[in-house]
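Here is what each chain is made of, one letter per residue.
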Amino acid sequence: MEIKNLELVKQLRHELHQHPEISNHETWTKQYLIDFLKTHTKLEIVDNEQWFYAIYHAGKDKKNIAFRADFDALPMPELIDIPHASKFPGVSHKCGHDGHSASLAGFALEIDQNGADKNIFFLFQHAEETGDGALQCVSFIKENNIEEIFAYHNMSGMAYKSVNIIDGTTQCASKGMTIHMEGAPAHASQPEDGVNPAFAIARVIDAIPDFISPESNDGIVLCTVVQVDIGERAFGLAASKGNLLLTIRALYEAELDKLQKNLEDFACFQAEKYGLKVSFTYNDTFPETVNHKGSADKIRTVCENKGFQLVEMTQAFRASEDYGHYLKQTKGAMCYIGNGENYPHVHTYEYDFRDEIIETAVELFKGLAEL
């Protein structure tokens, strides 16, 4: 990578870091990235309100491939002392999406300056953290006849600058599930006059271990109790409403669907037993992210050609990624570039994206563009 380009995108990364915006509110971030590309490249820009992409045109008869980066931040305060610290209280780039976007911008600079034998689409996506960004962007694949798409995520706990890959499922499917139960209020001295959801909700919680048992499932299946909210802080009143918030997660979407149905059916059974109304809502829905072997093999080939340390992952990440939506539409793969085995993990206060891995990401993408 050209030194001048690397220094330019490091500065870009620091600017993005200083101006973090949470999912679906990335107005400044999107425009700053667009302005950067307009200033430093001749690429075509296609603006789609909350997200955008840039295009390098090689010719109508050439293959169309895409590379994706996310650019939303997290609702977390910046507590470490760094020169490019967040200027916005309570919001910071603690997942490294500022680095992902800077890497993709750096790759765009290099392609614009040196050319390529493919039509290359640089997709800058919003709202990855909430799971709805890629869902809003996924039509991009069919509309542009994208034949293959690649992405990377920085990852701590992995060797510094190593490239980590796995065939098949690389990140689990998940969603937030709220079970709402409603009965009738009563004085606390006469609970029999009301309908209290506490016992039904307790029985749902008690049933979770059986639903997620390894003996009943082929892959990892998890159900995490996030919050139990029943009744009011009023000692003279028996509870009449309650919410059970769960995060359900599975290696395979089919088993996530099975877990969801088991929970719904059991909650409905308990609601009928106790005379309660029950309803369900869902949010932060993520698909399983499934790498295509042929695309993952291309990542392996580039690592071999460029002398990058390649690590074969032995299992998928439990955490989810909305990138899986793209891989349902076309071939592609996601890999992970290591921050170091002992580097602070993403989504922690001590974390900051490592500028040094930008060059690894750009060179990896350049190698993929050449295959």
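The notes below deal with the structure included here. (Residues numbered from 1 in each chain as written. Predicted model: local features only at pLDDT ≥ 70, side-chain atom pairs only at ≥ 80, totals over all residues. Heavy atoms only, no water.)

**Regarding the environment of Tyr252**
When you line up the elements, Tyr252 lands in the loop between β12 (241–250) and α7 (253–274). Residues within four places of Tyr252 in sequence aside, it is in contact with Thr169, Asp218, Gly219 and Glu288. (Helix = DSSP H or I, 4+ residues; strand = E, 2+ residues; numbered from the N terminus. Contact = heavy atoms within 4.5 Å.)

**Notes on the packing of helix α1 (residues 3–18) against helix α2 (residues 27–40)**
Angle between the axes and distance between the axes: these two values describe a pair of packed helices. Where α1 contacts α2, the two axes come as close as 11 Å, and the packing angle between them is 160°. Taken together, α1 and α2 sit at an angle that is classed as roughly antiparallel. The hand of the α1/α2 crossing is right-handed. For the pair formed by α1 and α2, the contact residues are Leu8, Val9, Leu12, Glu15 and Leu16 on the first element and Trp28, Thr29, Tyr32, Leu33, Phe36 and His40 on the second. Partitioning the contact of α1 with α2 into residue classes produces eight nonpolar, two polar and one charged. (Axes fitted to C-alpha atoms, helices over the stretch in contact; angles between N-to-C directions. Parallel < 35°, antiparallel > 145°, perpendicular 65-115°, else oblique. Left-handed = near helix turned anticlockwise from the far one by under 90°. Nonpolar A, V, L, I, M, F, W, Y, C, P; charged D, E, K, R; others polar.)

**Looking at helix α6 (residues 198–211)**
When the terminal C-alpha atoms of α6 are compared, their 20 Å separation across 14 residues agrees well with the 20 Å that a helix rising 1.5 Å per residue should span. Three or more residues of α6 are buried, namely Ala200, Ile201, Val204, Ala207, Ile208 and Phe211. In an axial view of α6, the angular spread of the buried residues amounts to 130°, which keeps them on one side of the axis. Along α6, exposed side chains directed more than 90 degrees from the buried face belong to Asp206 and Asp210. On its buried side, α6 packs onto β8 (173–182), β10 (221–230), β12 and α7. (Expected span 1.5 Å × (residues − 1). Buried < 20%, exposed > 50% of the residue type's maximum accessible area, 1.4 Å probe, protein only. Arc of directions from axis to C-beta.)

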